[in-house]
Amino acid sequence: MNQATLHQLKVFEAAARHGSFTRAAEELFLTQPTVSMQIKQLTKSVGLPLFEQVGKRLYLTEAGRELFATCRQIFDNIAQFEMKVADLKGLKQGQLRLAVITTAKYFIPRLLGPFCQLYPGIDISLQVTNHERILERMMNNMDDLYIMSQVPEHVDVNCQPFLDNPLVVFAPVNHPLAKEKNIPIQRLTNEPFIMREPGSGTRRAVQNLLDEHGVTVKVKLELGSNEAIKQAIAGGLGISVLSRHTLLSDASEFSILDVQYFPVKRAWYIVYPAGKQLSIVARTYYEYLLDAAQKFVASTQQTVASEYVQVE
Ligand code: PGA
């Protein structure tokens, strides 16, 4: 490996991440033959093939996978070093990689604006996905911090709750049950139900509650997005259970049914794998979020309260 250069590792890392020389070339503003040449030279230094082609797809060999993991560590360390140097110069600089569950997208982007103004040197990549995918990302150490509602059971993590995330029963605004109080949970069996996709934390929480009370709902539609579910509810296709936070901007089309055992009380947690050394930038965001969440709640409580007055 003495012959290998940092540039070659960078090219290899991009090609491995994309599974494509062409896309690596696009990302790095190189030509495709340059990428092939760099990888050829790196392969020679390693002494084993790094990729294999099956049909049209490119796969990493075992040596390729090992090198990919090593590259990630090297580039993480370099990024950490750059952040430390910036910090020594009195600047907060570098990349923050966040992955958040779908319901947090109603809240986290609102807080990113002020954070970016406070720290203009920090670039952010935000992935929004469901609970299961977040777990996958965490296992592969792909991000700095995760925001989720269910703390993983079989992974050792550091976690800190920072805000409530109650699940409520959403129905169209003129639904016949909208004016009823303390609706027995069994009544849900009569309603066409819209469910999130398998792998969703919301779905799991709803299913647990229904199982606990021996209730089976008629799932009429399964959708992989809270927004799509809201559109389906507004269109009269059924009712569903969603985080109350998904209602932040358009309360007038929905009613929240007063069903027994709801709201399901949950919280958002900021999570990272135990033993992970948070970068300076990640630590800065972590502290900012805990503080800003409290302020955000205080400032939106009034708006949210007035939205609920309209729909109840
Ligand atoms: P989900 O996560 O997007 O996977 O449903 C939301 C939650 O767990 O609250």
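Refer to the preceding data block for the structure.
Residues numbered from 1 in each chain as written. Predicted model: local features only at pLDDT ≥ 70, side-chain atom pairs only at ≥ 80, totals over all residues. Heavy atoms only, no water.

**Q** Honestly, the site of the ligand in this entry has me stumped. Any pointers?
**A** Close to the ligand lie Ile-101, Thr-102, Thr-103, Asn-130, His-131, Ser-149, Asn-165, Arg-196, Ser-200, Gly-201, Thr-202 and Arg-266. Within the contact set of the ligand, an oxygen atom lies 2.9 Å away from a side-chain nitrogen or oxygen of Arg-196. Protein coverage of the free-state accessible area of the ligand, which is 280 Å², stands at 100%. Class assignment for the residues of the shell around the ligand results in 1 nonpolar, 9 polar and 2 charged. Shared between two domains, the shell around the ligand takes at least three residues from each, and those domains are domain 2 (92-164 + 268-311) and domain 3 (167-265). (Near = heavy atom within 4 Å. Polar contact = N/O pair within 3.5 Å; in protein donor to acceptor, adjacent residues only side chain to side chain. Areas by Shrake-Rupley, 256 points an atom, 1.4 Å probe, with all protein chains shown as cover. Nonpolar A, V, L, I, M, F, W, Y, C, P; charged D, E, K, R; others polar. Domains from an automatic or database assignment.)

**Q** Looking at this structure, I do not really get the pattern of salt bridges. What am I missing?
**A** If you walk through the whole model with that rule in mind, you get 12 salt bridges. Here Glu-227 ties to Lys-230 by a salt bridge, and the two come within 3.1 Å at their closest N and O atoms. Within this pair, Glu-227 and its partner Lys-230 are both found in helix 8 (residues 226-234), separated by 3 residues, close to a single helical turn. Judged by its relative accessible area of 26%, Glu-227 falls in the partly exposed class. (Salt bridge = Lys/Arg side-chain N within 4 Å of Asp/Glu carboxyl O. Helix = DSSP H or I, 4+ residues; strand = E, 2+ residues; numbered from the N terminus. Buried < 20%, exposed > 50% of the residue type's maximum accessible area, 1.4 Å probe, protein only.)

**Q** In this structure, what is going on with the nonpolar core? I would like to understand it.
**A** The tendency in soluble globular proteins is for nonpolar side chains to be buried as a group. With 36 residues, the main nonpolar core has Phe-107, Ile-108, Leu-145, Ile-147, Phe-162, Tyr-285 and Leu-289 as its most contacted residues. Considering each element in turn, this core owes the most residues, 9 residues, to helix 9 (residues 280-311). Discounting residues that sit within four places of it in the chain, Phe-162 has contacts with Phe-107, Ile-147, Trp-268, Tyr-269, Ile-270, Leu-289, Leu-290, Ala-293 and Gln-294. Judged by nonpolar contacts, the second largest core, of 22 residues, contains Val-11, Ala-24, Ala-25 and Leu-60. (Core = buried A, V, L, I, M, F, W, Y, C linked by side-chain atoms within 4.5 Å. Contact = heavy atoms within 4.5 Å.)

**Q** Got a minute to help me understand unusual backbone geometry in this structure?
**A** Here Phe-262 and Pro-263 are connected by a cis peptide whose omega angle stands at 0 degrees. Position of Pro-263 relative to the elements: it lies in the loop between strand 11 (254-257) and strand 12 (267-273). Even without being a glycine, Asn-182 presents a positive backbone phi close to 45 degrees. The topology assignment puts Asn-182 in the loop between strand 7 (167-172) and strand 8 (192-196).

**Q** Hey, could you run me through the sheet that holds strand 4 (residues 122-129) in this one?
**A** Note: strands within a sheet are paired through backbone hydrogen bonds, in either parallel or antiparallel orientation. Spatial ordering of the open sheet is given by 4-3-5-12-6, a layout of 5 strands whose pairing is mixed. Each having just a single partner strand, strand 4 and strand 6 (157-164) make up the two edges of the open sheet. Strand-to-strand twist of the sheet, defined as the mean angle between neighbouring strand axes without regard to direction, takes the value 20 degrees. One ladder, built from 8 bridges, connects strand 3 (residues 94-101) with strand 4; its direction is parallel. For Val-100, the partnering residue across the bridge sits in strand 4 and is Val-128. Against the sheet, helix 5 (residues 108-118) makes contact with strand 3, strand 4 and strand 5 (145-148), and its axis sits at roughly 175 degrees relative to strand 4, the strand it touches most. Sheet strands touched by helix 6 (residues 131-139): strand 3, strand 4, strand 5, strand 6 and strand 12. Its angle to strand 5, the strand with the most contacts, is close to 160 degrees. (Pairing = 2+ DSSP bridges. Axes fitted to C-alpha atoms, helices over the stretch in contact; angles between N-to-C directions.)

**Q** Help me understand the packing of helix 1 (residues 6-18) against helix 2 (residues 21-28) in this model?
**A** Helix packing geometry: the angle between the two helix axes and the distance between the axes. Orientation of helix 1 relative to helix 2, taken along the N-to-C sense of each, is 125 degrees, at an axis distance of 8 Å. Our classification of the angle between helix 1 and helix 2 gives oblique. The hand of the helix 1/helix 2 crossing is right-handed. On the side of helix 1, the interface is formed by Lys-10, Val-11, Ala-14, Ala-15, Arg-17 and His-18, while helix 2 contributes Phe-21, Arg-23, Ala-24, Glu-27 and Leu-28. Of the residues assigned to the contact of helix 1 with helix 2, the class counts are 6 nonpolar, 1 polar and 4 charged. (Parallel < 35°, antiparallel > 145°, perpendicular 65-115°, else oblique. Left-handed = near helix turned anticlockwise from the far one by under 90°.)

**Q** Is there a simple way to think about the side chain of Asp-143 in this case?
**A** With respect to the helices and strands, the residue Asp-143 is situated in the loop between helix 6 and strand 5. Residue contacts for Asp-143: discarding those within four places in its chain leaves Arg-97, Leu-98, Ala-99, Gln-127, Arg-137 and Lys-276.

**Q** When you look at the environment of Val-259 in this model, what are you seeing that I'm missing?
**A** Take Val-259: it is sitting in the loop between strand 11 and strand 12. Through-space distance from the C-alpha of Val-259 to that of Arg-187 is 8.6 Å; in sequence the pair is 72 residues apart. Apart from residues no more than four positions distant in its own chain, Val-259 is found in contact with Val-169, Ile-183, Pro-184, Ile-185 and Leu-188.

**Q** What's the story with the packing of helix 2 against helix 3 (residues 32-46) in this structure? I'm lost.
**A** Look at helix 2 against helix 3: their axes get within 8 Å of each other, and the N-to-C directions meet at 110 degrees. Here helix 2 lies roughly perpendicular to helix 3, going by the angle between them. On helix 3, the residues touching Phe-21, Thr-22 and Ala-25 of helix 2 are Gln-32, Val-35, Ser-36 and Ile-39. Classifying every residue of the contact of helix 2 with helix 3 gives 4 nonpolar, 3 polar and no charged.

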